[in-house]
Amino acid sequence: MSESNPIKSAVEKVVDTVAHHGHPEKAEIPGVPNSEPPSLEEPVEPREPLAPKPDQTGPDTFSPTGQPTGASQDAMAQGGAFLTSAQGVRLPDTDHSLKAGPRGPVLLQDFHLREKIMHFDHERIPERVVHARGSAAHGVFRSYGTAANITKAAFLAEGVETPVFVRFSTVLGSRGSADTVRDTRGFATKFYTTEGVYDLVGNNIPVFFIQDGIKFPDVIHAGKPHPDREIPQAQSAHDTFWDFVSLHTEATHHTMWNMSDRGIPRSFRMMEGFGVHTFRLVNAEGATTLVKFHWKPKLGVHSLTWEEAQLINGVDPDYHRRDLADAIEAGAYPQWELGVQTFPDTPDQMFEGIDLLDPTKIVPEELAPVQPIGLMELNRNPSNFFAETEQVAFHAGHLVPGIDVTDDPLLAARLFSYLDTQLTRLGGPNFPQIPINRPHAPVNDMLRDGFHQDAVHRGVAPYRPNSLDGGCPFQAGAAEGGYVEVPVEVAGRKVREAPASYADHFSQPRLFWRSMSPVEKEHIIDAYTFELGKCYEQAVKERQLRVLANIDPVLCREVAQGLGLPAPEPTEPPAELAPSPALSQVGREWPTDGRIIGIVADESCDLGVVGAVRTAVLAAGMVPLIIAPKGGMLGTMPVQRTFLTARSVEFDALLLAGAPAPGKDAFGARDAKAGNLLPDGAVDPRVVLMVMEVYRHAKAIGGWGTAARVLTAAGVSEQAPGVIVGEDGEQVLRETIGLLAAHRVWERFPPAA
Ligand code: HEM
């Protein structure tokens, strides 16, 4: 990196700092439920509650009015060795109701029974209307200071560190739905700045389905399960979704991204994030700049294959949630660089012919490079899902001085919607006082009372002007750090209309399509064919094919062929925009931190080599999972998966330390994956299946010892791309890691002729 470039050298400095900031207590194999292993017998000796696991913390301890309390986080959790009522009264028994005799009626005077059941009856709160399924982590944002010339936001000054809480989510599914469905992912960041809370509430897709927020209920109603049968759950492969988007063609660009590999991320850690709307930054001198925000993951942008995604939804529906928590617990802290594309704040708010107020349009990075302004690292897991991940309340209108909104009509509806929905979801107006939502800046808001008021306000004059409270609180102008809206001119006729520039619905989907590599195009064709193939109504399919015809004739033809329908002609001449290579996910190399390596071994293998490889995987910052015929220990190594419990989709790469014979449970009645036919001298059929799947999903396969026998049984050639067979296990591992850097063995997906 060049010293002469201030942005780059700042990046280097922070990356270096973070790289040397190790976590002393990171877990080798993450995922155990608590900080101490349990005893076999039920513990009977009273003791204080267990400490949380080292990777887990709650929200920072601030008062409901944003003041640091200095209290330990333990003070927010349950304390004391004995069971109590909610009033702190110790209780002798929670297993039996108070009765008139052991076989007699339960007595109404049992206050413990009533309190326990009453509270249980009200444990559920409404799930989010959208983005109900999510997962979150705490972290820190370190500003490079490279945006300090365009914004006065204090947290974007050089070297400032700001605590953050980030929640990732799917959009359509209910709280208990599976993680790896095809959908947009939410990427919401709460910055606890010294000037108040700033929320960047974005998605992993840079455009949206609609240009005006008044259409949000329409697109969501179309995407949610059908109202009569309430199916299908958490997916867009159904008639109402395609009915809507085929009629409402401004959705075409977002839909195209969903049908691309972006709709099925490998991990939250491997997603980009986008603020979507154009925002207006303002500096201390009052000069304004229009910007679009981007989060760039250090691990690169990677996806699952569609078959993997579907298998994972059965094998591990919590796959993304587990991946994030495990990576943090194992010390593989995910990092994203925050960047901005900057545009002059011209009266027309256009850039190179692109309407910056249209949320269905991107500005290609080749036209406006993303300039890094800070680095975020997620390094702590929540200690309680409900208190933190569920109760966090993001809002696109949580702004700090230096960041203002624009007239994007999608954003306008959001500025109303979030507070409004949280009023119901979180049961009253005081949700900013819930610990995870508390600002880290003094709050003096004159808002009073309401359900769940946690603050104990003082004074008698929560109004302005007053003299009885000494005139407090006082208004803050810009000089005192007050939030002063940029005084932009507004004028216009009162109309319900969209500008003419919003009418172009196809040129940017075509730009996206043309920017894809051949294999990414194949995946897009496959996704449209799958989704439309799940629709019942011919008219819906035919109408969507007309939309595809206006994007690209090859895309339209291939999907039409899969659906068994004729390909229509375009109704608009195709736009000839230059492709944007930055949109493709293929063709580069990235770090492999936190990747999962499956190692198949049994007693017949050289366990010394297996141990050395396992240690080398850990040393490379990845997680090795030993897969053996049965649980317990394999030599000195704990077995994390058996042939019964393992499925290929859990691993990023597979290593074979030999050719294990069928395990004792390798028959169809015990494990359907095994099938029923076991020829003499066979390899365990579950291992063969794993290799077949890993091969089909274009993942690296390494082997030593007698591993070649497994490949033969799976019909995989030793010479196939991404298959490494050698004598030296550690050398095989090194080459496998080399392949993993490209995420997949892309040559295994030859495009159609
Ligand atoms: C650029 C377009 C949009 C983006 C990037 C976006 C992003 C998000 C994200 C990330 C969340 C989840 C927040 C969390 O993790 O708690 C969310 C929730 C939500 N969004 Fe949006 N959204 C967009 C458009 C809209 C629009 C137009 C509306 C309504 C007019 C809307 C209404 C909601 C609601 C009601 C929630 C649930 C909030 C809660 O219960 O706390 N969104 N959105």
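On a predicted model such as this, the values are computed, not experimentally measured, just so you know. (Residues numbered from 1 in each chain as written. Predicted model: local features only at pLDDT ≥ 70, side-chain atom pairs only at ≥ 80, totals over all residues. Heavy atoms only, no water.)

**Student:** Which residues make up the site of the ligand, and what are the values?
**Tutor:** Surveying the vicinity of the ligand reveals 23 residues, the closest of which are Arg-128, Arg-167, Tyr-418, Gln-422 and Arg-425. Within the side chain of His-131, an N or O atom sits 3.3 Å from a nitrogen atom of the ligand. Between an oxygen atom of the ligand and a side-chain N or O atom of Arg-425, the distance comes to 2.7 Å. Those elements that provide at least two residues to the shell around the ligand are strand 4 (185-193), strand 5 (196-203) and helix 9 (409-425). In terms of residue count, the dominant contributor to the shell around the ligand is helix 9 (eight residues). Tallied by class, residues from the shell around the ligand come to 10 nonpolar, nine polar and four charged. (Near = heavy atom within 4 Å. Polar contact = N/O pair within 3.5 Å; in protein donor to acceptor, adjacent residues only side chain to side chain. Helix = DSSP H or I, 4+ residues; strand = E, 2+ residues; numbered from the N terminus. Nonpolar A, V, L, I, M, F, W, Y, C, P; charged D, E, K, R; others polar.)

**Student:** Outline the packing of helix 11 (residues 518-533) against helix 13 (residues 553-563), listing residues and values.
**Tutor:** Working note: a packed helix pair is described by the angle between its axes plus the distance between those axes. One way to put it is that helix 11 packs onto helix 13 with a least axis distance of 9 Å and a crossing angle of 40 degrees. One element, helix 11, and the other, helix 13, form an angle in the oblique class. Handedness of the crossing formed by helix 11 with helix 13: right-handed. Here Ile-524, Ile-525, Tyr-528, Thr-529, Leu-532 and Gly-533 of helix 11 come into contact with helix 13, specifically with Leu-555, Glu-558, Val-559, Gly-562 and Leu-563. Grouping the amino acids of the contact of helix 11 with helix 13 by side-chain chemistry returns seven nonpolar, three polar and one charged. (Axes fitted to C-alpha atoms, helices over the stretch in contact; angles between N-to-C directions. Parallel < 35°, antiparallel > 145°, perpendicular 65-115°, else oblique. Left-handed = near helix turned anticlockwise from the far one by under 90°. Contact = heavy atoms within 4.5 Å.)

**Student:** Quick rundown of the UniProt feature "domain: Catalase core" (unreviewed entry) in the chain? Include the residues and the values.
**Tutor:** UniProt's feature table lists "domain: Catalase core" (unreviewed entry) at residues 84-472, given in the numbering used throughout. Between the end C-alpha atoms of residues 84-472 there is a gap of 42 Å, over a span that is 21% helix and 21% strand. (UniProt positions renumbered as here; feature names shortened; annotations may be inferred.)

**Student:** Now, about the pattern of salt bridges: what can you tell me, with residues and values included?
**Tutor:** Here the idea is simple: oppositely charged side chains can pair when their charged atoms come close. According to the stated counting rule, one finds 39 salt bridges in the structure shown. Its salt-bridge partner being Glu-272, residue Arg-262 comes within 2.5 Å of it at the nearest N-O pair. Linking Arg-262 in the loop between helix 5 (252-259) and strand 6 (273-274) with Glu-272 in the loop between helix 5 and strand 6, this pair joins segments that are 10 residues apart in sequence. Its relative accessible area of 6% is what places Glu-272 among the buried residues. Residue Lys-699 is joined to Glu-308 by a salt bridge in which the shortest nitrogen-to-oxygen separation is 2.6 Å. Taken together, the residues Lys-699 in the loop between helix 15 (685-696) and strand 20 (700-703) and Glu-308 in helix 6 (residues 306-315) connect sequence positions 391 residues apart. Here the salt bridges share partners, and the residues they tie into one network are Arg-266, Arg-269, Asp-323, Arg-595 and Asp-652. (Salt bridge = Lys/Arg side-chain N within 4 Å of Asp/Glu carboxyl O. Buried < 20%, exposed > 50% of the residue type's maximum accessible area, 1.4 Å probe, protein only.)

**Student:** A description of the coordination of the iron atom of the ligand should follow, citing residues and the corresponding values.
**Tutor:** Between any two of four tetrahedral donors, the ideal angle at the metal is 109.5 degrees; between two of six octahedral donors, it is 90 or 180 degrees. You will see that the iron atom of the ligand has only one donor from the protein, Tyr-418 (OH), lying 2.1 Å away. Inspection of the secondary structure assignment puts Tyr-418 in helix 9. (Donors = N, O, S within 2.8 Å, 3.2 Å for Na, K, Ca; no water.)

**Student:** Run through the sheet that holds strand 18 (residues 641-642), naming residues and quoting values.
**Tutor:** Across a sheet, strands are paired by hydrogen bonds formed along the backbone, either parallel or antiparallel in direction. Strand order in this open sheet of six strands is 18-15-14-19-20-21, and the pairing throughout is parallel. Strands at the two margins of the open sheet, each flanked by one partner only, are strand 18 and strand 21 (723-725). Pairing geometry for strand 15 (residues 623-628) and strand 18, over two bridges, is parallel. Counted as the bridge partner of Ala-628 is Thr-642 from strand 18. Strands in contact with helix 14 (residues 607-619) are strand 14 (596-600), strand 15 and strand 19 (653-656); relative to strand 15, the strand with the most contacts, it is inclined by about 150 degrees. (Pairing = 2+ DSSP bridges.)

**Student:** Can you tell me about the environment of Leu-644, naming the residues and giving the values?
**Tutor:** With respect to the helices, strands and loops of the structure, Leu-644 is situated in the loop between strand 18 and strand 19. The spacing of Leu-644 and Tyr-333 is 311 residues in sequence and 31 Å in space, taken between C-alpha atoms.

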